[in-house]
Amino acid sequence: MDVKHGNNKFYVERDSEELGSLAYTPSGDVLTVTHTEVSPELSGQGVGKQLVSEVVQYARNEGKSIDAQCPFARGVIEKTPEYQDVLKN
């Protein structure tokens, strides 16, 4: 599934309907991830993890760190050693 980026969020959609999103608030060198949501029809398909992966890559590309206030995103980042470089201390 293709992840799109716009309006301070990463999202997936089908037939113009948003089925999953990860929202963040940019502030200086920090992206504060505030919410991740995936529709029940995509539950268990790794879409949430894919959204987190996208925001991690975006943070790296932009030279920013991530403050994961969203419990889901924080859990994925903390459990994935290769994402540790972008986690704000």
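Everything below is about the structure shown above.
Residues numbered from 1 in each chain as written. Predicted model: local features only at pLDDT ≥ 70, side-chain atom pairs only at ≥ 80, totals over all residues. Heavy atoms only, no water.

(A) Region of interest: the sheet that holds strand β1 (residues 4–6). If you trace the five strands from one edge of the open sheet to the other, you get β1-β2-β3-β4-β5, paired in mixed fashion. Two strands bound the open sheet, and with one partner strand each, they are β1 and β5 (65–68). Taken pair by pair, the neighbouring strands of this sheet meet at an average axis angle of 30°, ignoring direction. Along the sheet, helix α1 (residues 47–62) makes contact with β1, β2 (9–14), β3 (17–27), β4 (30–38) and β5, crossing β4 at roughly 165°. (Pairing = 2+ DSSP bridges. Helix = DSSP H or I, 4+ residues; strand = E, 2+ residues; numbered from the N terminus. Axes fitted to C-alpha atoms, helices over the stretch in contact; angles between N-to-C directions. Contact = heavy atoms within 4.5 Å.)

(B) A look at the packing of α1 against helix α2 (residues 71–79). Look at α1 against α2: their axes get within 10 Å of each other, and the N-to-C directions meet at 75°. Here α1 is positioned roughly perpendicular relative to α2, judged by the angle of their axes. Contact residues: α1 offers Gly 48, Lys 49, Val 52 and Val 56, while α2 offers Phe 72, Ala 73, Val 76 and Ile 77. Per-class residue counts for the contact of α1 with α2 are six nonpolar, one polar and one charged. (Parallel < 35°, antiparallel > 145°, perpendicular 65-115°, else oblique. Nonpolar A, V, L, I, M, F, W, Y, C, P; charged D, E, K, R; others polar.)

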